[in-house]
Amino acid sequence: MGLVPDEAKALPPPGLVNRNSVWLGFVGWSTAMLHNAFCHRPPLRSGVHRQVLFSTIGWFLGYHISKYENYIYSKLDRDMYQYISLHPDAFPRSEKKTLAEIVEPFHPVR
């Protein structure tokens, strides 16, 4: 159904308030404001039903874009981890270093 395939149903849903929903909701609201301004109507007071409708449509689109974005990134992560597990010689484990080995010794200058 839609942009997201069935294997994306295993992923947790994104939060209702996310950056894409807020941004596109604001874009929808500002679109209604600009339309009011271009038509020489009071931007805030007229067409409140259109402001609510456009911001709701933007919020809905932002939610589903976030859902698709989560699916794409999880698919890339899965492919990357599968490649790493199939080619362990190309990705050797590094030694764990302590902080004392990383930081240079401190010599105060007086």
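These numbers come from a predicted model, not from an experiment. (Residues numbered from 1 in each chain as written. Predicted model: local features only at pLDDT ≥ 70, side-chain atom pairs only at ≥ 80, totals over all residues. Heavy atoms only, no water.)

1. As for the packing of helix α1 (residues 19-38) against helix α2 (residues 48-86)
For clarity, the threshold we go by: In this analysis an axis means a line fitted to C-alpha atoms, helices contributing only their contacting stretch, and an angle means the value between N-to-C directions, from 0 to 180 degrees. Helix and strand assignments follow DSSP, with helices taken as H or I runs no shorter than four residues and strands as E runs no shorter than two, numbered in order from the N terminus. Throughout this description, any angle smaller than 35 degrees is read as roughly parallel, any larger than 145 degrees as roughly antiparallel, any in the 65 to 115 degree range as roughly perpendicular, and the remainder as oblique. Should the near helix be turned counterclockwise from the far one by less than a right angle, the crossing is left-handed, whereas a clockwise turn marks it as right-handed.
Where α1 meets α2, the closest approach of the two axes is 7 Å, and the angle between their N-to-C directions is 150 degrees. Taken together, the axes of α1 and α2 lie roughly antiparallel to each other. Relative to α2, α1 is oriented so that their crossing is right-handed.

2. Some points on α1
The cut-off we apply is this: To estimate how far a helix should extend, the number of its residues minus one is multiplied by 1.5 Å. To sort residues, take the accessible area from a 1.4 Å probe on protein chains only and compare it with the maximum for the residue type: under 20% means buried, over 50% means exposed, and anything in between is partly exposed. Here a residue-residue contact requires only that any non-hydrogen atoms of the pair lie within 4.5 Å.
Along its 20 residues, α1 runs 28 Å from first to last C-alpha, staying within 8% of the 28 Å computed at 1.5 Å per residue. Listed as buried for α1 are Asn20, Ser21, Gly25, Gly28, Ala32, Met33 and Asn36. At its buried positions, α1 is contacted by α2. Just past α1, the residue His40 takes up positive phi, approximately 60 degrees.

3. Section: the side chain of Ser21
Condition: Pairing of N or O atoms within 3.5 Å defines a polar contact, subject to two protein rules: one partner must be a possible hydrogen donor and the other a possible acceptor, and residues neighboring in sequence count only if both atoms are side-chain atoms.
By the secondary structure assignment, Ser21 is in helix α1. A polar contact of 3.4 Å, which involves the side chain of Ser21, links it to the backbone oxygen of Trp59. Among all residues touching Ser21, those that are not within four sequence positions of it are Leu16, Gly58, Trp59, Gly62 and Tyr63.

4. Observations regarding the confidence of the model for the protein chain
Filter applied, for reference: Confidence scores labelled pLDDT are given residue by residue by the predictor and lie between 0 and 100.
Overall, the prediction assigns the protein chain a mean pLDDT of 92, with 99% of residues at 70 or greater. When mean pLDDT is compared element by element in the protein chain, α1 scores highest at 96, while helix α3 (residues 99-102) scores lowest at 86.

5. Some remarks on the packing of aromatic side chains
Inclusion rule: Two aromatic rings from Phe, Tyr or Trp, using only the six-membered ring of Trp, form a pair when their centres are within 6.5 Å; if the ring planes differ by under 30 degrees the pair is stacked, by over 60 it is edge-to-face, and anything between is tilted.
As enumerated under the stated definition, the model contains three aromatic pairs in all. Look at Phe26 and Trp29: their rings are 6.1 Å apart centre to centre, the planes differ by 35 degrees, and that puts the pair in the tilted class. On the criterion of helical spacing, the pair formed by Phe26 and Trp29 is a turn pair, its members being three residues apart in helix α1. Judged by its relative accessible area of 44%, Phe26 is partly exposed. Assessed through its relative accessible area of 33%, Trp29 is described here as partly exposed.

6. A short note on the side chain of Asn20
If you trace the backbone, Asn20 turns up in helix α1. Of the polar contacts made by the side chain of Asn20, one reaches the side chain of Glu69; its length is 3.2 Å. With residues up to four places along the chain from it excluded, the contact list for Asn20 reads Gly62, Ile65, Ser66 and Glu69.

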